[in-house]
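Given next are the chains, with one letter for each unit.
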Amino acid sequence: MSAEQRAVSPDLVIRPLGPQDEDSVRALHEHLTQRDTYLRFFTVAPRRVDELAEMLCRQDDRHVSLGAFDDAAVVAVANYTVLDDDVASAECAVAVSHPMQHHGIGTALLQRLVDIARARGIRRLSAYVLSVNTTMLQVLGELGWVRNGSEPGSVVQVDIAPADPLGNGGSRVAVDSSLRVPPDRPEGGPSGTSANGPSVVGP
Ligand SMILES: CC(C)(COP(=O)(O)OP(=O)(O)OC[C@H]1O[C@@H](n2cnc3c(N)ncnc32)[C@H](O)[C@@H]1OP(=O)(O)O)[C@@H](O)C(=O)NCCC(=O)NCCS
């Protein structure tokens, strides 16, 4: 098995997404539960899932996406998008189909994403997470991502510094603690990974 393919369980494989996976990636997002959709996109009705699937299945200097596969079906995706105004920083997001949650898939995808980010010289990887999303915050926390939770807010920025050799999976950095959804993101989804496509704001 190559470095790009890591078994999470005997039946699951993690590998980069490609154009051939677009239908399956679209189906994954169309079948997320309403709550999971809200946690991922900050809205229960994300638009332009087609564009999202196309973006997730495109690999280039700015877009890295991994899928977890159960046979041919994509059961989870994790991706990051490099920021327009800071090529050493990227924003990431994850979605795991509901029946497959709590089996270590999200953790495995994030670990692999950080490995790739490190290899590509990304110095800050960020996730914007709703403060009610305790599962995601817990998963990131266990992986060494850090939030500055000093102020309450609806959205929390959680970061890791993959390229720093210190630490397990990257050194811990805390920035911009607690954020409100910026007004230029009407659906509130994380930039670069929202259903609106790869618009990027600082992650
Ligand atoms: C948040 C999310 C990505 C986490 O993915 P996941 O695959 O369920 O995460 P994991 O299984 O790695 O970890 C979740 C929990 O399962 C536990 N777990 C990990 N491996 C496990 C296993 N083999 N058996 C049982 N539990 C396990 C972890 O300890 C973790 O527990 P915790 O919440 O108490 O820390 C997923 O719940 C999801 O897609 N949510 C909806 C969308 C979303 O919130 N996206 C993030 C927006 S940026």
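Please refer to the structure placed before this passage.
Computed from a predicted structure; not experimentally measured. (Residues numbered from 1 in each chain as written. Predicted model: local features only at pLDDT ≥ 70, side-chain atom pairs only at ≥ 80, totals over all residues.)

**Student:** Lay out the packing of helix α1 (residues 22–30) against helix α3 (residues 49–56) with the relevant residues and their values.
**Tutor:** It is the contact of α1 with α3, at a shortest axis distance of 9 Å, that shows an interaxial angle of 130 degrees. Of the possible angle classes, the one that applies to α1 and α3 is oblique. Relative to α3, the crossing made by α1 is right-handed. Where α1 abuts α3, its residues Glu22, Val25, Arg26, His29 and Glu30 lie against Val49, Asp50, Leu52, Ala53, Glu54 and Leu56. (Axes fitted to C-alpha atoms, helices over the stretch in contact; angles between N-to-C directions. Helix = DSSP H or I, 4+ residues; strand = E, 2+ residues; numbered from the N terminus. Parallel < 35°, antiparallel > 145°, perpendicular 65-115°, else oblique. Left-handed = near helix turned anticlockwise from the far one by under 90°. Contact = placed C-beta atoms within 7 Å.)

**Student:** Requested: an account of α3, with residues and values cited.
**Tutor:** Buried residues of α3: Leu52, Ala53, Met55 and Leu56, and no others. Angularly, the buried residues of α3 cover 165 degrees about the axis, an arc narrow enough to put them on a single face. Summarising the contacts, the buried residues of α3 are in contact with α1, β3 (63–70) and β4 (73–83). (Buried ≥ 20, exposed ≤ 12 C-beta atoms within 10 Å, placed from the backbone. Arc of directions from axis to C-beta.)

**Student:** Account for the environment of alanine 163, naming residues and giving values.
**Tutor:** Tracing the backbone through its elements, the reader meets alanine 163 in the loop between β8 (155–160) and β9 (178–179). Given 18 C-beta atoms within a 10 Å radius, alanine 163 is considered partly exposed. A sequence separation of 42 residues divides alanine 163 from glycine 121, and the C-alpha atoms of the two residues are 5.6 Å apart. Among all residues touching alanine 163, those that are not within four sequence positions of it are Arg118, Gly121, Ile122 and Arg123.

**Student:** Give me the nonpolar core: which residues, what numbers.
**Tutor:** If you look at the biggest cluster of nonpolar residues, it comprises 48 residues, and the most contacted ones within it are Val77, Leu109 and Leu113. Ranked by residue count, the leading element in this core is β4, at eight residues. For leucine 109, the residues in contact, after removing those within four places along its chain, are Ile14, Leu66, Ala68, Ala76, Ala78 and Val94. (Core = buried A, V, L, I, M, F, W, Y, C linked by C-beta atoms within 7 Å.)

**Student:** So what about α1? Which residues, and what values?
**Tutor:** Residues of α1 that are buried include every one of Val25, Leu28 and His29, and no others. End-on view of α1: buried residues confined to an arc of 90 degrees, all on one side of the axis. Pointing more than 90 degrees away from the buried face of α1 are the exposed residues Asp23 and Glu30. Buried residues in α1 make contact with α3, β3, β4 and β5 (86–96).

On their own, these measurements won't tell you what the molecule is for.
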